[in-house]
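Below are the chains, spelled out letter by letter.
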Amino acid sequence: MASTSPETDGGHHNTGRILADAGKTEQNVVIRYFSTITPKDEGSLILWTSPPKAFNGLEVLAFCTGKGLPLEEHFPQVYDEVLKGYVNLDTDAHFKLPSDGSTLQMDMRLTPLHTTAEEAKENTKPRTGAVLANPGPMALYAFGFTTLMLVLIDAEATENSTKFLVYGYAMFHGGLVQFVVGFFEIARNNLFGATAFTSYGAFWMGWGLFQILTAADVFPAYPVGAAPKWDDGHCAYLVMWGIFTTAMFVQTLYINRCVQAIFFLLAVVFYLLAWGTYNDGAKQAAGIIGVILAVVVFYTATAELYNDMGNIYLPLFQVKTHKREYGNAHPGRAPALLGVTDKTVKLRVRNNAVPRHTSSANNLTQIEKEQMVHRMMERLDAATVSV
């Protein structure tokens, strides 16, 4: 799709000279850029020598940025003669050199991003937009360590007296760390991670506090004359957590196999512990399965850590509906598509939407937006090399 303007023939008086110079060598592109507050005929011209025969909007942006155009303060659009209007310079904007060997002429309109003098002054200040790191591995390691310490006692692999070590550990590393991470997940727009970490963090803190108060004889382990009812309440408590974990497991069917295994095994552990209130064999079985659970948790946490660092890759066995390589990730955890930055080009996007010249942008899912940005960056790297 070649983009030209019906007004090009009546352009600036230097157009003919530049086109003549361009025709002496090989096919080129002449871009006339102008602001919305200046007439098109008073725009400036730049010459793109030896462009590819077919290119998209990102490659045009890369070339213009290299020529020093003020694209950080303006939103660029190019006139498309087929659509009879200005289109955004993204991967949907495609251009081809004329088949007759002539020079392609393009009109680029630069719309200022600052609508008031006060906004312009504010945007001259240095920007330090911070991106939250992935806190998932911290919470997963905390959960895995605490779970392993406790289930080793249930599996009768360690002395029962080591439970006193678990009490304080469960309150802080297993509980407090997960609870705090859950609120960071809220800031990352990861609802699943926030729900899981805050819930299980509170569980471990409450469990640890209760065990400490019981060991200190503040709370009696069994109220006098009420042992059977106490067992029933304890069993119901564990069953409720099993039901909650089962509900969370359903959502993991759309994330990855590692997280599925974690929540499936955890639900089984809760149900076995509930049964273990009345049966020691069930409690020991819960401890054995809990060891397997801890191993899966450690692997998932390590995979998240390594994959986020980018140096070593460990598979998390994603399901087809979720392509991102993060263990407990919701696609909302990725950076919002606002001010996507590259070494060569900055694309200022408003309203958290990908710039498009069609009306379907608002119907994109967050995953589709992320995938589009990755494709844009890959094409931009290729365009930078060619320019």
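Per chain, residues are indexed from 1 in the order of the written sequence. Owing to the predicted nature of the model, reporting of local features is limited to residues with pLDDT of at least 70; listing and counting of side-chain atom pairs is limited to 80 or more, with chain, interface and lining totals taken over all residues. With hydrogens and water excluded, all non-hydrogen atoms of the structure serve as input to the side-chain values.

### Regarding the overall build of the chain
A tally of regular secondary structure across the chain gives 10 helices and 9 strands. Type-normalised accessible area, obtained with a 1.4 Å probe on protein chains alone, sets the label of each residue: buried when under 20%, exposed when over 50%, and partly exposed for intermediate values. Looking at the chain as a whole, 43% of its 387 residues qualify as buried. Long-range contacts, defined here as pairs at least 24 residues apart, represent 68% of the contacts in the chain between residues at least 6 apart. For the chain, the exposed area adds up to about 20400 Å²; of that, 61% sits on carbon and sulfur atoms. Runs of H or I in DSSP of at least four residues are treated as helices and runs of E of at least two as strands, each being numbered from the N terminus. Between two residues, a contact is recorded if the distance between any of their heavy atoms is within 4.5 Å. Using a 1.4 Å probe, accessible areas were evaluated by the Shrake-Rupley method; residue-level cover was limited to the displayed protein chains.

### Notes on the nonpolar core
By nonpolar core is meant a set of buried Ala, Val, Leu, Ile, Met, Phe, Trp, Tyr and Cys residues that side-chain atoms within 4.5 Å join together. One finds Y200, W204, W207, F263, F270 and L293 to be the most contacted residues of the largest nonpolar core, which totals 36 residues. Counting residues per element, this core draws most heavily on helix 8 (residues 257–275), which supplies 10 residues. With residues up to four places along the chain from it excluded, the contact list for F263 reads F192, A196, Y200, T245, M248, F249 and T252. In terms of nonpolar packing, the next biggest core, distinct from the first, is built from 22 residues, F55, V60, V87 and M106 among them.

### Comments concerning helix 6 (residues 191–215)
Here a helix's expected span is defined as the number of its residues, less one, multiplied by 1.5 Å. Given a rise of 1.5 Å per residue, 25 residues ought to cover 36 Å, and the 36 Å separating the end C-alpha atoms of helix 6 matches this to within 8%. Immediately beyond the C-terminal end of helix 6, within one or two residues, lies D217, with a positive phi of roughly 65 degrees.

### Some thoughts on the pairing of strand 1 (residues 28–35)
The two faces of a sheet get side chains in turn, since along a regular strand they alternate between them. Of all 8 residues that make up strand 1, 7 are buried, and the element is covered over most of its length. Strands pair, by our definition, only if DSSP identifies at least two bridges between them. Strand direction decides the pairing type here: strand 1 and strand 2 (residues 44–49), joined by 6 bridges, are antiparallel. From the neighbouring strand, N28 faces strand 2, where its bridge partner is T49. One ladder, built from 7 bridges, connects strand 1 with strand 7 (residues 104–112); its direction is parallel. When the bridges of strand 7 are listed, S35 appears paired with L110.

### Regarding the environment of L132
With respect to the secondary-structure elements, L132 resides in the loop between helix 3 (117–122) and helix 4 (136–154). The class of L132 is partly exposed, set by a relative accessible area of 38%. C-alpha of L132 to C-alpha of F184: the two residues are 52 residues apart in sequence and 8.1 Å apart in space. Leaving out residues up to four positions away in the same chain, L132 has contacts with F184, A187 and R188.

### Examining the packing of helix 8 against helix 9 (residues 280–309)
Axis definition: a line fit to C-alpha positions, over the contact stretch in the case of helices; interaxial angles, taken between N-to-C directions, run 0 to 180 degrees. One can describe the packing of helix 8 onto helix 9 by two numbers: an axis separation of 9 Å at closest approach and a directional angle of 160 degrees. Judged by the angle between their axes, helix 8 and helix 9 are roughly antiparallel. As helix 8 packs across helix 9, the resulting crossing turns out to be left-handed. Contact residues: C258, V259, A261, I262, L265, L266, V268, V269, L272, L273 and W275 in helix 8; A282, K283, A285, A286, I289, G290, I292, L293, V296, V297, Y299 and T300 in helix 9. Each residue is assigned to one of three groups, with Ala, Val, Leu, Ile, Met, Phe, Trp, Tyr, Cys and Pro labelled nonpolar, Asp, Glu, Lys and Arg labelled charged, and all others, Gly among them, labelled polar. When grouped by side-chain class, the residues that make up the contact of helix 8 with helix 9 number 20 nonpolar, 2 polar and 1 charged. For classification purposes, angles smaller than 35 degrees are called roughly parallel, those larger than 145 roughly antiparallel, those between 65 and 115 roughly perpendicular, and all remaining angles oblique. In a left-handed crossing the near helix is turned counterclockwise from the far helix by less than a right angle, and in a right-handed crossing that turn is clockwise.

### Re the sheet that holds strand 4 (residues 74–80)
Here we have 5 strands laid out as an open sheet, ordered 2-1-7-4-5, and mixed in their pairing. Two strands bound the open sheet, and with one partner strand each, they are strand 2 and strand 5 (85–88). Strand-to-strand twist across the sheet, computed as the mean angle between neighbouring axes with direction ignored, equals 35 degrees. The pairing of strand 4 with strand 5 spans 4 bridges and is antiparallel. In the strand pairing of strand 5, V78 is matched with V87.

### Description of the packing of helix 4 against helix 5 (residues 163–187)
Where helix 4 meets helix 5, the closest approach of the two axes is 9 Å, and the angle between their N-to-C directions is 155 degrees. Judged on the interaxial angle alone, helix 5 and helix 4 are roughly antiparallel. Seen along the crossing, helix 4 lies across helix 5 with a hand that is left-handed. Here helix 4 contributes G136, M138, A139, Y141, A142, F143, F145, T146, M149, L150 and I153 to the contact with helix 5, which in turn contributes K163, L165, V166, Y169, A170, H173, G174, V177, Q178, V181 and E185. Class assignment for the residues of the contact of helix 4 with helix 5 results in 15 nonpolar, 5 polar and 2 charged.

### Quick word on the confidence of the model for the chain
As a per-residue quantity, pLDDT reports the predictor's confidence and falls between 0 and 100. Scored by pLDDT, the chain comes out at a mean of 75, with 69% of its residues at no less than 70. Looking across the chain, the model is least confident in strand 8 (residues 340–341), with a mean pLDDT of 35, and most confident in helix 8, with 96. Contacts from residues 1–25, a stretch scored under 50 in pLDDT, to residues over four places away or in other chains number 47 contacts. Confidence drops under a pLDDT of 50 for residues 322–364, and excluding neighbours within four residues, the segment shows 121 contacts in the predicted structure.

### A look at the packing of aromatic side chains
Side-chain rings of Phe, Tyr and Trp (the six-membered ring for Trp) are treated as a pair once their centres are within 6.5 Å; stacked means planes under 30 degrees apart, edge-to-face means over 60, and tilted covers the remaining angles. As enumerated under the stated definition, the model contains 22 aromatic pairs in all. Between the aromatic rings of F179 and F183, the centroid separation amounts to 5.2 Å while the plane-to-plane angle is 70 degrees, which identifies the pairing as edge-to-face. A residue pair is termed a helical-turn pair when its members lie 3 or 4 positions apart in one helix, as F179 and F183 do in helix 5 at 4 residues. A centroid spacing of 5.9 Å and a plane angle of 50 degrees characterise the contact between F249 and F264, whose relative ring orientation is tilted. Here F249, found in helix 7 (residues 227–252), pairs with F264, found in helix 8; they are 15 residues apart in sequence, far enough to count as distant. Overall, F249 belongs to the partly exposed group, its relative accessible area being 21%.

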